[in-house]
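Close look at the chain arrangement
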Amino acid sequence: GVFLSKCTPRPCIEIEKEVSVDDGQTFVDADDCDDAPTAGKSAEYRLVVTNCGPEDLVNVVVNDAQLGIVNYPIGNLAEGDSVTLDKGDIEELFFELLCEEFSLFENIAIVSGEGASSGEPVEDQDPACVKCEPCIDIEKLVKDYLKGKK
C-alpha cells in the first residue's frame, strides 16, 4: 500500500540586526565579529523582523539583554509582512560606547511570537558585533613665545 501524509507548513519568523557606526548613514549586517565595523563614540542598531511563514503571527516581541530591550511589543505580524525598528521606535537601539580600551561588543537580538491559528511558538535571533576603539582627544598647546616680538 501507499501511505500519504499531509505536511502542514510551520510558522516562521526572522530577525536581522544591523549596525551603523556613522550616525545612521549606512547600516551593515555585522554577524561576523572578525569583520565588525569599528565605532568611535556610538553605535546605532536597526532591527528588521519578518514573518517568513504561511500564517499570521501574534504576540511578537523583541528582546536584547545587552541593550536593555525587554519584551518590546510588535504585536501581530501578517503572513509575509516585515517591520523595521530603529532608535525612533526603541531608544536603546542608539548606544553610547564608552571605550576606554580596545574591545569587541557583541549583542544578540531575539524575536519570538506564535502562530495565530496553530499556536505554535516561533523564535529567531541575530547577533551584531562592533569593535570599540577608544577615542583619543589630542590637545596641542603652543606657547606664544613670539608675543610681543616683531
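Relevant structure appears above.
Everything in this summary refers to the structure shown in the same document. The structure displayed is predicted, hence computed values, not measured ones. Sequence order sets the numbering: in each chain, residues are counted from 1 along the sequence as written. In view of the model being predicted, local features appear only for residues whose pLDDT reaches at least 70, and side-chain atom pairs are presented and counted only at 80 or more, with totals across whole chains, interfaces and linings using the full set of residues. Only heavy atoms go into the side-chain values, all of them from the structure, while hydrogens and water stay out.

Here we take up the packing of aromatic side chains. Side-chain rings of Phe, Tyr and Trp (the six-membered ring for Trp) are treated as a pair once their centres are within 6.5 Å; stacked means planes under 30 degrees apart, edge-to-face means over 60, and tilted covers the remaining angles. Applying the stated criterion across every chain yields a total of 1 aromatic pair. Note on Phe-95 and Phe-105: the rings are 4.9 Å apart at their centroids and 15° apart in plane angle, and the pair reads as stacked. Of the two residues, Phe-95 sits in strand β8 (residues 94-96) while Phe-105 sits in strand β9 (residues 103-115), which places them 10 residues apart along the sequence. Accessible area is worked out with a 1.4 Å probe on protein chains only. A residue is then buried under 20% of its type maximum, exposed over 50%, and partly exposed in between. Residue Phe-95 is classed as partly exposed on the basis of its relative accessible area, which comes to 23%. Throughout this description, the term charge over a ring refers to an Arg CZ or Lys NZ atom that lies within 6 Å of the ring centre and within 35 degrees of the ring normal. Looking at Lys-17, its charged tip hangs above the ring of Tyr-45, at a distance of 4.6 Å from the centre. A helix here means a DSSP run of H or I that spans at least four residues, while a strand means a run of E at least two residues long, and both kinds are numbered starting from the N terminus.

Now for the pairing of strand β10 (residues 121-132). Any two strands with at least two DSSP-identified bridges between them are counted as paired. In terms of strand pairing, strand β3 (residues 38-39) meets β10 through 2 bridges, oriented parallel. Residue Thr-38 lies in a different strand from β10, and its bridge partner there is Lys-131. Between β9 and β10, which follow one another and run antiparallel, lie 5 residues, and Gly-119 among them has a positive phi close to 75°.

All right, on to the side chain of Glu-18 then. Secondary-structure assignment places Glu-18 in strand β1 (residues 13-20). Whether two residues are in contact is decided by their heavy atoms: any pair within 4.5 Å suffices. With residues up to four places along the chain from it excluded, the contact list for Glu-18 reads Phe-27, Val-28, Asp-29, Glu-44, Tyr-45, Arg-46 and Val-48.

Glancing now at the pattern of salt bridges. Throughout this description, the term salt bridge denotes a Lys or Arg side-chain nitrogen within 4 Å of a carboxyl oxygen of Asp or Glu. The final tally for this structure, using the stated rule, is 4 salt bridges. Glu-120 is paired through a salt bridge with Arg-10; the nearest N and O atoms lie 2.5 Å apart. Residue Glu-120 is located in the loop between β9 and β10, and its partner Arg-10 is located in the segment before β1; the two are separated by 110 residues in the primary sequence. On the basis of relative accessible area, Glu-120 is assigned to the partly exposed category, the value being 24%. In this structure, Lys-17 and Asp-64 form a salt bridge, with 2.2 Å as the shortest nitrogen-oxygen distance. Placement of Lys-17 in strand β1 and of Asp-64 in strand β5 (residues 57-64) is noted, with a sequence separation of 47 residues between them. The same class applies to Lys-17 and to Asp-64, which are both buried.

Any pair of cysteine sulfurs within 2.5 Å is marked as a disulfide. Counting across every chain of the model gives 2 disulfides. Residue Cys-12 pairs covalently with Cys-52 via a disulfide, S to S 1.8 Å. Looking along the S-S bond of the Cys-12-Cys-52 disulfide, the torsion reads about -75°, which is the left-handed sense. Highlighted residues: Cys-12 in the segment before β1 and Cys-52 in the loop between β4 (42-51) and β5, separated in sequence by 40 residues. For Cys-12, a relative accessible area of 25% translates into the label partly exposed. The side chain of Cys-33 participates in a disulfide bridge whose partner is Cys-129; the two sulfur atoms lie 1.8 Å from each other. Highlighted residues: Cys-33 in the loop between β2 (28-29) and β3 and Cys-129 in strand β10, separated in sequence by 96 residues. Take Cys-33 and Cys-129: they sit in the same class, and that class is buried.

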